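# Structure assessment
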Amino acid sequence: MKKSQPTTTSTNIVYAGLIGATVGVMVVVILTVWADLNRGVWEWLRDTLTHHWVGKGIIGAAAFIISGAFVAGGPPKSEASMLRAARTLYWTSAAGGIFLVAYFFYEVFIRAS
Amino acid sequence: MTIWLILHVLAGLAGTLWYGASWLGLERKDPLLGRLKKYTLFGLLAMLVSWITAALYYTGYYGGTVRRVIIDGPYPWAHEFFMEAKEHVFLFLPLLSLAVTLMFWMLGDRLWTQPGLQSLTAKLLGVIVTIGSLMAIMGVVASGAVR
């Protein structure tokens, strides 16, 4: 099988995608809790971006694109950097998902009772 | 409006299955790159369709009609916990899907020749499949509370 040759461009693009996704996930988590605790933020999302949930998705996607573009244009990334970025995305998305489920569980079943 | 819900569910399940197939294919002794690239691309497209149809259903029907029925019914937690958690964790999926799909398309067989990368890629695929499966289960609970 022909072995792929490492290229700086492909490593940078993948690195950008991984960083973009990590930042996007973090932004979604922060926005979710912030809008839940602050009615003004929730209303701003609804009034500016048609719906609070649509707004969170748009801002999360924008964070992905902006942060990814920012790092893609930087210096060539090493294989080790790419691995670190993949590991960071893994832990951020797993922890973010668990946190949000735990947050809503707390809000509905513990704080409300 | 129901068509959006049906498409959302089918696309989400399809996306989860495509990434599940990618996960299994990556763990093979001799992964087939061409096939895995197709699986991840189909998975990404399915997740994007699931996202768009979710927005159409949620904003056009669920928010104004179904949500109130659930909250006023005997199981308000079906929306307050299951739906709220689901709709926000769901937003991770398009981002994760794009990042992982880029890995397969840009890195090729480096995914299993570079030390550590195969296992990390498998873990990311595992997160996508886990979240996708949870989305399906939580959606069933929310839908069940409408009855």
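Residues numbered from 1 in each chain as written. Chains lettered and ligands numbered in written order. Predicted model: local features only at pLDDT ≥ 70, side-chain atom pairs only at ≥ 80, totals over all residues. Heavy atoms only, no water.

## A look at the confidence of the model for chain A
Considering every residue of chain A, the mean pLDDT works out to 92; 93% of them sit at 70 or more. A low-confidence stretch, residues 1-5 of chain A stays under pLDDT 50, and its non-local contacts, those more than four residues away or across chains, total 10 contacts. (pLDDT = per-residue confidence, 0-100. Contact = heavy atoms within 4.5 Å.)

## Overview of the interface of chain A and chain B
Contacts between the two partners involve 43 residues from chain A, matched on the other side by 38 residues from chain B. Surface buried jointly by chain A and chain B totals about 3,600 Å² across both partners, of which 81% is contributed by carbon and sulfur atoms. Its largest share of buried area at the contact with chain B, chain A owes to Trp53, Tyr90 and Phe104 of chain A, together 20% of the area lost on that side. At the boundary of chain A with chain B, the tally comes to six residue pairs in polar contact (both at pLDDT 80 or more). (Buried area = accessible area lost by both parts, 1.4 Å probe. Polar contact = N/O pair within 3.5 Å; in protein donor to acceptor, adjacent residues only side chain to side chain.)

## Looking at the packing of helix H4 (residues 92-107) of chain B against helix H6 (residues 117-144) of chain B
Residues and elements named next belong to chain B. One way to put it is that H4 packs onto H6 with a least axis distance of 10 Å and a crossing angle of 150°. On the basis of the axis angle, H4 is roughly antiparallel to H6. Relative to H6, H4 is oriented so that their crossing is left-handed. When H4 is examined against H6, the residues Phe92, Leu93, Leu96, Ser97, Val100, Met103, Phe104 and Leu107 are found in contact with a partner set consisting of Leu117, Thr121, Leu124, Leu125, Val127, Ile128, Ile131, Gly132 and Met135. Of the residues in the contact of H4 with H6, the class split is 14 nonpolar, three polar and no charged. (Axes fitted to C-alpha atoms, helices over the stretch in contact; angles between N-to-C directions. Helix = DSSP H or I, 4+ residues; strand = E, 2+ residues; numbered from the N terminus. Parallel < 35°, antiparallel > 145°, perpendicular 65-115°, else oblique. Left-handed = near helix turned anticlockwise from the far one by under 90°. Nonpolar A, V, L, I, M, F, W, Y, C, P; charged D, E, K, R; others polar.)

## Regarding the environment of Val140 of chain B
Within the fold, Val140 of chain B resides in helix H6. Sequence separation between Val140 of chain B and Phe82 of chain B is 58 residues, and the spatial gap between their C-alpha atoms is 9.5 Å.

## Topic: the confidence of the model for chain B
All names here are of chain B. Confidence in the prediction for chain B averages 94 pLDDT; 99% of positions are at 70 or higher. The least confident element of chain B is helix H5 (residues 110-113), whose mean pLDDT is 91; the most confident is H4, at 97. Both scores are available for the predicted complex, with the pTM at 0.93 and the ipTM at 0.93.

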